[in-house]
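Okay, here's what each chain looks like letter by letter:
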Protein chains: 4
Amino acid sequence: MKIVSGLKPLRKGEKLAVLMPGMGAVATTAIAGVHAVRKKLAQPVGSLTQLGHFLDDGHNHGRLIKDVLPLASFDDLVFGGWDPIPDDVYAAACRARVLNRDHLEPLKAELEAIKPMPAVFDTEWVRRLDGPNVKKGSLREKAEALQADIRGFMEKHRCARGVMVWTGSTEVYAEIGPAHASLEAFEAALDRNDPTIAPSMVYAYAAMKTGLPFMNGAPNLSQDTPALRELAEREGIVTGGKDFKTGQTLMKTTIAPMLHARLLGLDGWFSTNILGNRDGEVLDDAASFKTKEVSKLSVLDSILSPKQHPELYGDIDHKVTIHYYPPRGDNKEGWDAIDLYGWLGYPMQIKVNFQCRDSILAAPLAVDLAILADLAQRAGEKGPQEWLSFFFKSPVTAAGNGAVHDLFQQQTNLFAKLREYADAAAQAAKQAAVG
Amino acid sequence: MKIVSGLKPLRKGEKLAVLMPGMGAVATTAIAGVHAVRKKLAQPVGSLTQLGHFLDDGHNHGRLIKDVLPLASFDDLVFGGWDPIPDDVYAAACRARVLNRDHLEPLKAELEAIKPMPAVFDTEWVRRLDGPNVKKGSLREKAEALQADIRGFMEKHRCARGVMVWTGSTEVYAEIGPAHASLEAFEAALDRNDPTIAPSMVYAYAAMKTGLPFMNGAPNLSQDTPALRELAEREGIVTGGKDFKTGQTLMKTTIAPMLHARLLGLDGWFSTNILGNRDGEVLDDAASFKTKEVSKLSVLDSILSPKQHPELYGDIDHKVTIHYYPPRGDNKEGWDAIDLYGWLGYPMQIKVNFQCRDSILAAPLAVDLAILADLAQRAGEKGPQEWLSFFFKSPVTAAGNGAVHDLFQQQTNLFAKLREYADAAAQAAKQAAVG
Amino acid sequence: MKIVSGLKPLRKGEKLAVLMPGMGAVATTAIAGVHAVRKKLAQPVGSLTQLGHFLDDGHNHGRLIKDVLPLASFDDLVFGGWDPIPDDVYAAACRARVLNRDHLEPLKAELEAIKPMPAVFDTEWVRRLDGPNVKKGSLREKAEALQADIRGFMEKHRCARGVMVWTGSTEVYAEIGPAHASLEAFEAALDRNDPTIAPSMVYAYAAMKTGLPFMNGAPNLSQDTPALRELAEREGIVTGGKDFKTGQTLMKTTIAPMLHARLLGLDGWFSTNILGNRDGEVLDDAASFKTKEVSKLSVLDSILSPKQHPELYGDIDHKVTIHYYPPRGDNKEGWDAIDLYGWLGYPMQIKVNFQCRDSILAAPLAVDLAILADLAQRAGEKGPQEWLSFFFKSPVTAAGNGAVHDLFQQQTNLFAKLREYADAAAQAAKQAAVG
Amino acid sequence: MKIVSGLKPLRKGEKLAVLMPGMGAVATTAIAGVHAVRKKLAQPVGSLTQLGHFLDDGHNHGRLIKDVLPLASFDDLVFGGWDPIPDDVYAAACRARVLNRDHLEPLKAELEAIKPMPAVFDTEWVRRLDGPNVKKGSLREKAEALQADIRGFMEKHRCARGVMVWTGSTEVYAEIGPAHASLEAFEAALDRNDPTIAPSMVYAYAAMKTGLPFMNGAPNLSQDTPALRELAEREGIVTGGKDFKTGQTLMKTTIAPMLHARLLGLDGWFSTNILGNRDGEVLDDAASFKTKEVSKLSVLDSILSPKQHPELYGDIDHKVTIHYYPPRGDNKEGWDAIDLYGWLGYPMQIKVNFQCRDSILAAPLAVDLAILADLAQRAGEKGPQEWLSFFFKSPVTAAGNGAVHDLFQQQTNLFAKLREYADAAAQAAKQAAVG
C-alpha cells in the first residue's frame with residue numbers, strides 16, 4: 001500500500017451520508033444504535049472507531065482512535081437506504097426483533113423518519129424474499145435511478161460526502177462471466193438487461209458513479225469483478241469486502257491462529273449454525289448458501305499454511321453448514337467441533353458453542369466501515385482496502401495479494417494503517433498551522 | 001531487552017543435559033517423545049523449535065527456525081531428573097497412562113535406562129504425594145547433594161551444558177517472606193532448615209550454583225524471589241516461568257484478545273476443569289490449588305485493560321475451579337462459560353469445552369524451553385526471559401515490567417527475539433568465516 | 001399406601017390459604033404466575049394440576065386431571081407468607097428479576113397487596129442473608145407467633161383450609177440430634193432456645209399445630225425428624241419433601257434411568273452449576289452447600305442399583321459442585337459430564353448443558369404441591385406422601401421404604417395414586433347422588 | 001397381544017443360527033463381543049438378555065432375566081451372514097476400527113473362520129458401497145440362493161433354529177408400491193426383476209420362507225410391506241423393526257418423556273450428527289438419508305401428543321441432519337439444541353453433546369433381538385412384535401396400533417411381555433414335571 005498523504009482535516013459539521021441497500025436487521029440495528037449512542041442511552045460496544053485505542057508504543061499509545069484521527073463522528077452521520085419492503089426503520093427494527101422495545105421507544109421519531117427508497121431487487125437473486133417497494137425498468141434505468149436517489153438524498157440532507165454499505169441479503173452463487181470482464185462489457189450488459197448482473201452489482205456501480213465508497217457486508221460478488229475494479233480505479237473509489245466477520249468465522253479466525261502459533265495439528269473442523277432470521281431463511285436456499293459457504297470455507301488454508309506444514313494441516317476435513325431454525329430468531333447459534341492433535345499425534349477436541357446475536361455483532365462493523373471508508377476516500381485511496389480485512393470474512397485484495405484471515409494479523413495490519421493516517425493527520429495539522 | 005550479541009555456533013555433537021525435578025506424566029511424555037522422534041516413530045507436534053518457521057517478511061521468511069538458529073538438536077539431548085518414586089522412565093510412563101503401549105514398547109530400553117535420582121521432597125509442600133526415593137539431611141545438605149547430582153550427571157554423560165526444567169507438582173501456596181528477601185537470607189535459611197524454603201527453591205538454587213538455566217513449569221514461587229533473582233543476576237543465569245500454558249489458559253489467552261480486538265464487553269468468565277491425573281490429585285488440596293488459582297486468574301486483566309475500558313471490562317466476574325475427577329485420567333477437560341456483550345450492551349455467550357491432554361500439551365513446551373533457555377544462556381543473557389512468556393501461564397518479568405498474557409502479542413515478542421538471534425547467528429557465522 | 005377413602009367433594013368457592021416461608025424468587029414467581037393465569041395473561045406451563053391428563057387406559061384416559069379430581073382451583077388460592085425482607089410481593093418480584101415487567105405490570109395491584117409477615121429467621125442457619133422483618137423472642141414464642149399468624153391470616157381471608165410450602169433458602173447442614181428425637185424433646189428444646197432447632201423446623205411445627213400440611217421445597221431437615229413425624233402422625237398432617245426437583249437433578253433422574261434401562265455402565269458423573277441469584281449466594285456458604293450436596297448426591301445409587309450391577313455401577317465417581325456466578329442471575333446453568341461405557345466396556349461421553357431458570361421450574365411445583373397436599377389432607381392421609389416424590393430431589397419416605405428417584409417410576413407412582421383419588425371421588429359423587 | 005402359551009423349554013445344547021445380511025461394523029462388533037464374553041475377556045455391557053433383571057414386584061423381582069426365561073445362551077449362538085466385501089469377520093472388524101487390537105487378537109481364529117456368503121446387493125439401493133462378493137441372476141434366483149444358503153448353513157452347523165438380523169446399510173428411500181401390495185404381487189415382481197424390490201426385501205422373504213424370524217436394524221422398508229406381512233402371517237414368522245435405537249434418538253426418547261411428564265413446552269429441537277464410518281458415507285447420499293430422516297423425525301409427535309397439548313407442543317420446529325465427517329470414525333457424535341419453555345412461557349435451553357460409538361451401542365441390540373426373536377418364535381408368536389419397540393427407532397406395529405417411542409413406556413411394555421413369558425415358562429416347567 002502506498003503511504004498515506006494529503007489527508008485533510010474535516011470541516012466541523014459536515015455531514016456524511018451512509019446509504020444502505022437492504023434495511024433489515026443489520027441496518028436498522030446499526031441506525032438505531034447510532035441514535036441511541038447520540039442520546040447517551042447506550043454504549044457503542046463493538047465499535048473500533050468509537051471505543052478503540054492506539055495500541056502501539058508510539059506517541060499515540062493509549063489514546064482513543066477517534067481523538068487522533070479526523071473521523072466523521074456519530075453526530076455527522078445521516079442514514080438512508082433501499083429495501084423492497086416499504087417499512088420505515090422503526091417498523092423494520094420492531095419486525096427484526098433484535099433490539100428491545102426499551103431501546104427503540106425513545107428513538108421512535110428519528111427512526112420513523114427514515115423510509116427506504118424503492119429497491120433494485122430481483123427474486124431470481126434472492127429467492128426467499130419479496131416486496132412491493134421496487135424499481136421498474138431496465139437495469140440501465142435502475143442504475144440511473146439509484147444515482148438519482150443518491151444525489152437527491154445528499155442534496156436533501158446537505159451531505160458533503162457519502163458512503164454505501166451493503167447490508168442486504170446474500171445473493172445466489174455466481175461466478176465471474178463475460179458481462180463482468182470489463183467496464184465496457186458491464187455497461188453493455190446493463191443495456192441489454194443481462195441476467196448475470198446481480199442487483200448488488202448495480203448498487204456498487206451506482207455508488208462508484210456518484211463518487212461513493214462501496215463496502216460489501218455480504219459474500220456476493222458485487223464490487224469484486226474486473227468490471228467494477230476498473231471503474232473503482234478510474235473513478236478513484238475506495239472499496240471493501242466481503243461479508244461482515246461475525247459469529248462463527250470470528251471465532252474460527254481466532255482459534256486457528258492459536259493452533260498455528262502452537263504448531264498443533266488439525267484433523268477436521270465441523271461447523272454448524274442455526275439461525276432463525278431473514279438471513280437464515282435466505283441461506284436455506286442452497287443457491288444463496290453456496291455463496292456463503294465459499295466465503296466461510298476459505299479461511300483455514302490461509303491461516304494454517306498447509307503447504308508449509310503438510311504433517312499438521314495437509315489433510316483437514318473442513319465442513320460448514322447453516323440451518324434455518326426459527327426458534328433462534330436473530331440469535332444465531334454456532335457449534336464447532338474441532339479435532340486437533342498434539343505431541344506424537346495424540347488427538348484432542350475443542351467444542352465451541354457460540355450463542356451470538358448476528359446483527360448485534362454486525363451493526364458496529366457496518367458503522368465502522370462507513371467511517372473508515374470515508375477516511376480512506378478522503379485520503380485519496382482507491383480500490384480494495386486490504387487493511388479493512390479485520391472486518392470481513394472473505395477479504396478482497398488487490399490483484400496478486402493473498403488474503404489475510406488471521407484476526408490478529410488483520411489487527412496488526414489495521415493498526416499499521418491507522419498509524420500512517422495518524423502521521424498524515426499530524427502532518428496536515430502542522431502544515432495547516434504553518435500555512 | 002538488550003540486543004543479543006556474541007552467540008557462538010554450537011560445536012557438532014556437544015550434549016545438553018536436560019534435568020527435570022519431577023519425573024511424572026509431563027517429563028516422561030517429553031522424554032519418550034524425543035526418543036520416538038529420533039527414531040522417526042512420531043512427529044514432534046506442538047514443538048516450535050522443531051516445526052516452527054520464521055513468519056516475518058525478512059530474509060528468513062518461511063525457513064525452519066531450527067535451520068536458522070544454532071539450537072541443540074533432539075539428538076543432542078540427554079535426559080535425567082529426580083523423583084520421590086523410584087520408577088524408571090519406562091515404568092513411570094506406563095503408570096502415567098498418557099502414551100499408548102504402541103508408542104512406548106519400541107523405546108523400552110532407552111526409557112528403562114533413565115532412573116530418577118533421589119529427590120528433595122517434602123509432604124508439607126505437596127501433600128497428596130509421597131515416595132521413598134528422597135534425600136535426607138538438612139536443606140543445606142540437600143542443596144549440595146543436588147549440585148553433586150548435577151555435576152555427576154554431566155560428567156557421566158559428557159554433557160557440555162545443562163538446563164533444568166521443573167516438571168514437578170504444584171506446591172502449597174506461599175508468599176515471599178524474610179527467608180526469600182536476599183541471597184544472604186536465603187542461604188542462612190538453608191542452614192537453619194527454614195520451613196518457608198520450598199523444595200523447588202532448593203532445585204532452582206542448585207541449578208544456578210552449577211550454571212544451569214532454570215525453567216519453571218509449575219506456578220510455584222521457586223526462582224521467582226528476590227534471593228534467587230539476585231543469584232541469577234550474580235551468576236549470569238537465564239530463568240523462565242511460571243507454569244506451562246496449556247489447556248484452559250491457552251484458550252483463554254486466545255479468546256480474550258479477540259474480545260479486546262473487537263471491543264466486545266465481558267460480564268463474566270467461569271472456568272471449570274476436571275482432571276484425574278496426579279496433578280489433579282495434588283490440586284484437590286486447597287493449599288496447592290491456591291497457587292494455581294492465582295496463576296490462572298491474573299490473565300484477563302492484563303489482556304483486557306479494564307482501566308482503559310471500564311465500560312467494557314470494569315466489572316468482570318472471573319472464577320476458576322479445578323476438580324479431581326478420576327475417570328478423566330490425564331485427559332484434562334475444561335468447560336468455560338463466557339458472558340460477553342456487544343452493540344448497546346446486548347448479551348451473548350460462548351461455551352468452550354476443551355477435551356485436552358495435559359501432558360501432551362505440556363511436553364513439547366518442556367522440550368522447547370530447554371532448547372531455548374540453552375540458546376539464551378549461550379548468548380549471554382541472564383534473569384527472567386520475557387520473550388519466553390509465550391510458553392507460560394503466569395510470565396515472570398524483570399522488575400517493573402507488566403506481564404504480557406495475550407498469546408499473539410507473546411508470539412510477536414518471541415519472534416522479535418528469534419530474529420535478533422538469527423541476526424546474531426548470521427553475524428557470528430560471518431565473523432567465523434572471516435576469521 | 002392405604003387405599004384412599006372418604007374424599008369429599010369441595011364446596012364451591014372455599015378458599016385455600018397457601019402460606020410460604022421465604023418470599024423470594026420462587027414464591028413471587030409462583031404467586032405472580034397464578035395471578036397471570038387467572039387473568040388469562042399466560043399459561044400455567046409446567047403445572048401438572050393445570051395441564052396434565054390421565055395417561056392410563058382406564059375410563060379417565062385423556063381427561064384433564066383437574067376435570068376429574070376435586071382440586072382447589074387457581075381462583076381458590078389465597079397467598080401469604082413470611083420473609084425477613086419486608087418488600088411486598090411486587091417489589092420482591094421486581095428485585096428477583098425472574099419475570100419481565102411486561103408480566104408484572106398488569107398484576108401490580110394484586111402483588112403489592114401481599115406483604116410478608118415478620119419471619120422466624122436466624123443468620124446462624126442462613127449466613128448470607130439478613131433482614132429487619134423478623135420476630136423476636138424465644139423459639140417457643142416464635143412458634144406461637146407463627147400459629148397466631150396462620151390463624152389470623154385464615155380468618156382475615158376467610159380460608160376454609162390452608163397449606164404451608166417452604167420456599168425459603170437452604171439452611172446450614174445439620175444432622176438429627178437429641179432435640180429432634182421425639183416431640184417431647186423438641187418442645188423442651190423450643191423452651192430452652194436450643195440452637196439445634198432450625199427456623200424451618202419451627203415453621204413445620206407451627207403448620208402442623210394449626211392443621212396445615214407442610215411441603216418442603218428445600219433440602220433442610222425441617223419436618224424430616226422423628227419429633228415432627230410424631231407430631232404429623234398424632235395430628236393427622238400430610239407432609240412432603242424435600243427440595244424441589246428442578247434443573248440438573250431433573251435431568252439426572254431422566255438420563256440415569258436410560259442408562260439403567262439399557263444396561264450401560266457408568267464410570268463417573270461430574271455436575272457443576274452456576275447461578276447468580278439469592279439461592280446461589282446462600283449455597284456459596286459451604287455449610288448450606290453441604291445440605292444441598294447430600295440431597296443431590298443420593299439420586300444415582302437409588303436409580304442404578306449398584307449392588308445388583310457391580311460390573312456396571314459399582315465404582316462411580318459422582319461429583320456435584322455449585323458456584324455463585326452473578327452474571328447468570330436467576331438463570332441457573334448446569335454442565336454435566338457423564339462418562340458411560342457400552343459393549344465390552346468401550347467408553348462414551350454425554351455432556352449436558354442446561355440453561356434453565358430456577359424459579360420458572362420451581363414455581364409450578366410449589367403450586368402443584370399446595371393443591372395436591374390439600375387433596376391428600378382432605379382425603380385423610382397423614383405423614384410423608386411418597387407419591388409426591390415426582391416433585392422432589394430427595395424424597396422423604398415412610399420408615400423403612402427406599403426413596404424412588406427415577407423420574408418415570410415416580411410418575412408411575414404419582415398416577416397410580418391419582419387414579420385412586422379418581423375412584424374415590426367418583427364413589428363419593430355417587431354416594432352424594434344416592435344420598 | 002395374546003397371552004403367551006406353549007413356550008417349551010430349550011433342549012440343552014441346541015444351536016441357534018444368527019444370520020446377518022451386512023457384516024460391517026455392527027455385525028463384526030456383535031460377533032466379536034459374543035466370542036469375547038464367552039472367553040470371559042469382556043462384559044456384555046448393554047445387553048438386556050445377559051445383564052438385565054426382572055424389575056417388577058412379583059416373585060421374579062431382582063432375578064436375572066436369563067435365569068428365569070429359557071433363552072438361547074451366548075454359547076448356543078452360531079454366526080454367519082452375507083456381504084458384498086469378501087473379508088472374513090476378523091479382517092472386517094479390523095477395517096471397521098471399532099474394537100481395539102487388544103480385544104480382537106485373542107479371537108482371531110474364531111473370527112477368521114466366519115466368512116460372508118455372496119450377498120444380494122445392488123448399488124442402485126446403496127449408492128456409496130460396492131464389492132465383488134455378490135450373487136448373480138434374477139431376483140427370483142437370488143431369493144432362492146439365499147434360502148439355499150440358510151438351509152446349508154444350518155445343516156453344516158447343526159442349528160436347530162435360526163434368526164435373521166439385518167445389520168446392513170440404509171437403503172435408498174422408497175415408498176410402498178404395487179409390487180409390495182400383496183404376496184402374489186411381490187412374487188410376480190421377483191420373477192420380472194422389478195426394480196422396486198430392494199435387496200433387504202429379498203432377504204426378509206428368504207428368511208420367512210425358511211422359517212426364520214426377521215429383525216430389521218435399519219430404517220428400510222424390508223419386511224414392513226403388505227406383501228411380507230402377509231407372508232409372515234401365513235408362515236407364522238416373528239418380525240421386528242425398524243432401525244436400532246442408538247445415539248441421538250436414544251437420548252431424544254429419553255428427554256422428551258421428561259418434558260411431557262413435567263408439562264414443559266417445546267419450541268424446537270435441532271439435532272445434528274457427525275460420523276465418519278461406512279454408515280456415515282452411505283447417509284451422505286440424500287436418497288439414503290431420507291429413509292433415515294423419516295425414521296428419526298417421527299418420534300417427538302408420538303411422545304408429546306401435540307393434539308392433547310396444542311399450547312405446549314403444537315408448533316415444534318424439529319430438524320435432524322447427518323453429516324459425513326471422517327475424523328470421527330465410528331465414534332458418532334450428536335449435538336442437540338432443545339428449546340423448551342416453562343411457567344408463563346419463559347424460554348430455556350438444553351444442549352446435549354453425545355460422543356457415542358455407534359456400533360458399540362448397536363451390537364448388544366442385535367444380539368438381544370436375535371435371542372428374543374427366537375424366544376417369541378418358539379412361543380408361537382407371529383408378525384410385528386410391538387414389545388420389542390424398546391430396541392427400535394421406528395417401531396413397526398400391527399395394523400391400527402400407534403407406535404410407542406417413549407423409552408420408558410417401551411420398557412414397561414417389554415417387561416410386561418417378559419413377565420408373560422416367565423409365567424408361561426413356569427407353567428411349562430410345572431407341566432413337564434407333572435408329565
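Residues numbered from 1 in each chain as written. Chains lettered and ligands numbered in written order. Predicted model: local features only at pLDDT ≥ 70, side-chain atom pairs only at ≥ 80, totals over all residues. Heavy atoms only, no water.

## Regarding the packing of aromatic side chains
Filter applied, for reference: Aromatic rings from Phe, Tyr and Trp, taking only the six-membered ring of Trp, are treated as a pair when their centres fall within 6.5 Å; an angle between ring planes under 30 degrees marks them as stacked, one over 60 as edge-to-face, and anything in between as tilted. A run of DSSP states H or I qualifies as a helix once it reaches four residues; a run of E qualifies as a strand once it reaches two. Both are numbered from the N-terminal end. Only protein chains enter the accessibility calculation, which uses a 1.4 Å probe; a residue whose area is less than 20% of its type maximum is buried, one above 50% is exposed, and one in between is partly exposed. Here, over-ring charges are defined by two tests on the NZ atom of lysine or the CZ atom of arginine: distance to the ring centre within 6 Å, and angle to the ring normal within 35 degrees.
As enumerated under the stated definition, the model contains 37 aromatic pairs over all chains in all. Centre to centre, the rings of F408 of chain C and F408 of chain D are 3.7 Å apart; their planes meet at 15°, and the pair counts as stacked. Taken as a pair, F408 of chain C in helix α17 (residues 407–434) and F408 of chain D in helix α17 (residues 407–434) lie in two separate chains rather than in one. Classification of F408 of chain C as buried rests on a relative accessible area of 7%. One aromatic cluster in this structure is built from F270, Y325 and W335 of chain A together with F270, Y325 and W335 of chain D. A cation sits over an aromatic face here: R262 of chain B above F390 of chain A, 5.1 Å from the ring centre.

## Re the relation of the copies chain B and chain A
What counts, and what does not: Least squares is the method used to superpose the copies, on C-alpha atoms of residues holding a pLDDT of at least 70 in both. Two residues qualify as a contact provided that any one of their heavy atoms is within 4.5 Å of a heavy atom in the partner residue.
Mapping chain B onto chain A leaves a residual RMSD of 0.0 Å; the transformation is a rotation of 180° accompanied by 0.0 Å of translation along its axis. Within this description, the copies of the chain are treated as partners about a two-fold rotation axis. Distance from the rotation axis, computed per C-alpha, reaches its smallest value in chain B at V352 of chain B: 2.3 Å. The overlap is high: 100% of the interface residues of chain B also sit at the interface in chain A, so the same surface is used on both sides.

## What to know about the relation of the copies chain B and chain C
Related by rotation about an axis and a shift along that axis, the two copies of the chain form a pair. Of the two same-sequence chains, chain B is brought onto chain C (RMSD 0.0 Å, axial shift 0.0 Å) by a rotation of 180°. Looking at chain B, 100% of its interface residues are interface residues in chain C too, so the copies touch through the same face.

## Re the interface of chain B and chain A
The line we're drawing: Buried area counts how much accessible surface, traced with a 1.4 Å probe, disappears from two parts once they are put together, with both parts' losses summed. Whenever a nitrogen or oxygen atom comes within 3.5 Å of another N or O atom, the pair is scored as a polar contact, on the condition that within protein one atom can donate a hydrogen and the other can accept it, and that pairs from neighbouring residues in sequence are kept only if both atoms are in side chains. Here the nonpolar group is Ala, Val, Leu, Ile, Met, Phe, Trp, Tyr, Cys and Pro; Asp, Glu, Lys and Arg are the charged ones; every other residue, Gly included, is treated as polar. Any two strands with at least two DSSP-identified bridges between them are counted as paired.
At the interface, 68 residues of chain B touch 68 residues of chain A. On the chain B side of the contact with chain A, R262, W343 and Y346 of chain B bury the most area, a combined 18% of that side's loss. If you look at where chain B meets chain A, you find 26 residue pairs in polar contact (both at pLDDT 80 or more). Among the secondary structure elements, those contributing two or more residues to the side of chain B that touches chain A are α1 (25–38), α2 (48–51), α11 (247–261), α15 (310–313), β9 (347–355), α16 (358–378) and α17 (407–434) of chain B. Ranked by residues supplied to the side of chain B that touches chain A, first place goes to β9 of chain B with nine residues. Classifying every residue of the side of chain B that touches chain A gives 42 nonpolar, 21 polar and five charged. By the bridge criterion, seven bridges tie strand β9 (residues 347–355) of chain A to β9 of chain B in an arrangement that is antiparallel. Within β9 of chain B, the residue paired with K351 of chain A across the bridge is N353 of chain B.

## Remarks on the domain arrangement of chain A
One widely used convention gives an interface's size as the accessible area the parts lose upon coming together. Residue and element names in this part refer to chain A. Stated formally: Domain ranges listed in this record stem from an automatic or a database domain assignment. We define a salt bridge as a side-chain nitrogen of Lys or Arg found within 4 Å of a carboxyl oxygen belonging to Asp or Glu.
Domain parsing of chain A yields domain 1 (15–244 + 359–434) and domain 2 (248–355). Its C-alpha centre places domain 1 at a distance of 26 Å from the equivalent point of domain 2. On the side of domain 2, 26 residues touch domain 1, which itself brings 30 residues to the contact. There are zero salt bridges connecting domain 1 and domain 2.

## Re the packing of helix α9 (residues 199–209) of chain B against helix α10 (residues 226–235) of chain B
Residues and elements named next belong to chain B. For the record, the criterion: In this description, a line fitted to the C-alpha atoms serves as the axis of each element, helices being fitted only across the stretch in contact, and the angle between N-to-C directions of two axes falls anywhere from 0 to 180 degrees. For classification purposes, angles smaller than 35 degrees are called roughly parallel, those larger than 145 roughly antiparallel, those between 65 and 115 roughly perpendicular, and all remaining angles oblique.
Between α9 and α10, the shortest axis-to-axis distance is 10 Å and the interhelical angle comes to 10°. Judged on the interaxial angle alone, α10 and α9 are roughly parallel. Of the residues in α10, those in contact with M201, A204, Y205, M208 and K209 of α9 are L228, L231, A232, R234 and E235. Class assignment for the residues of the contact of α9 with α10 results in seven nonpolar, no polar and three charged.

## Examining the sheet that holds strand β4 (residues 214–216) of chain C
All names here are of chain C. Strand order in the open sheet formed by six strands is β2-β1-β3-β4-β5-β10, with parallel pairing between adjacent strands. Looking at which strands have only one partner, the edges of the open sheet turn out to be β2 (77–82) and β10 (383–384). Pairing of strand β1 (residues 15–21) with β2, which is carried by six bridges, proceeds in the parallel orientation. Counted as the bridge partner of M20 is G81 from β2. Contacts from helix α16 (residues 358–378) reach β1, β2, β3 (159–166), β4 and β5 (238–241), with the element oriented near 130° to β3.

## Notes on the interface of chain B and chain C
Between chain B and chain C, the contact holds 24 residues from the first and 24 residues from the second. For the pair chain B and chain C, the summed buried area comes to about 1900 Å², and 56% of that belongs to carbon and sulfur atoms. There are four salt bridges connecting chain B and chain C. Two residues, K351 of chain B and E333 of chain C, come together in a salt bridge whose shortest N-O distance is 2.5 Å. At the boundary of chain B with chain C, the tally comes to 16 residue pairs in polar contact (both at pLDDT 80 or more). Elements that contribute at least two residues to the side of chain B that touches chain C include exactly β6 (265–275), β7 (317–324), β8 (333–341) and β9 of chain B. With six residues, β6 of chain B is the largest single contributor of residues to the side of chain B that touches chain C. For the side of chain B that touches chain C, the residue count by class is nine nonpolar, seven polar and eight charged.

## A few points about the confidence of the model for chain A
Close reading of the predicted structure is inappropriate where its pLDDT is low. Condition: pLDDT expresses, on a scale from 0 to 100, how confident the predictor is about each individual residue.
Mean pLDDT over chain A: 92, with 98% of residues reaching 70 or higher. Interface predicted TM-score (ipTM) for the complex: 0.94; the corresponding pTM is 0.94.

## Comments concerning the pattern of salt bridges
Residue and element names in this part refer to chain A. Applying the stated criterion across every chain yields a total of 85 salt bridges over all chains. The partner of K382 in a salt bridge is E233, and the shortest N-O contact between them spans 3.1 Å. Pair noted here: K382 is in the loop between α16 (358–378) and β10 (383–384) and E233 is in helix α10 (residues 226–235), with a separation of 149 residues, a long-range link. The exposure class assigned to E233 is partly exposed, which follows from its relative accessible area of 44%. Here the residues in one salt-bridge network are E14, R161, D374 and R378, joined through shared partners.

## Considering α17 of chain B
Inclusion rule: Here the expected length of a helix is defined as 1.5 Å per residue gap, with one fewer gap than residues.
For α17 of chain B, spanning 28 residues, the distance from its first C-alpha to its last is 40 Å, which sits close to the expected 40 Å at 1.5 Å a residue. Looking at where α17 of chain B begins, the residue whose side-chain oxygen comes 2.8 Å from the main-chain nitrogen of F408 of chain B is D406 of chain B.

## Re the packing of helix α1 (residues 25–38) of chain C against helix α4 (residues 89–96) of chain C
Residues and elements named next belong to chain C. Rule in force here: Handedness of a crossing is defined here by the sense of rotation of the near helix relative to the far one, left-handed for an anticlockwise turn of less than a right angle and right-handed for a clockwise turn.
Between α1 and α4, whose axes approach to 9 Å, the crossing angle comes to 115°. Seen from above, α1 lies across α4 with left-handed handedness. Side by side, α1 and α4 meet where A25, T28 and I31 of the first sit next to V89, A92, A93 and A96 of the second. In terms of residue class, the contact of α1 with α4 is made up of six nonpolar, one polar and no charged.

## Things to note about the sheet that holds strand β5 (residues 238–241) of chain A
All names here are of chain A. In space, the six strands of this open sheet follow the order β2-β1-β3-β4-β5-β10, with parallel pairing throughout. One side of each edge strand has no neighbouring strand; the edge strands of this open sheet are β2 (77–82) and β10. Across two bridges, the pairing between β5 and β10 is parallel. Note on β10: the bridge partner recorded for T239 is P384.

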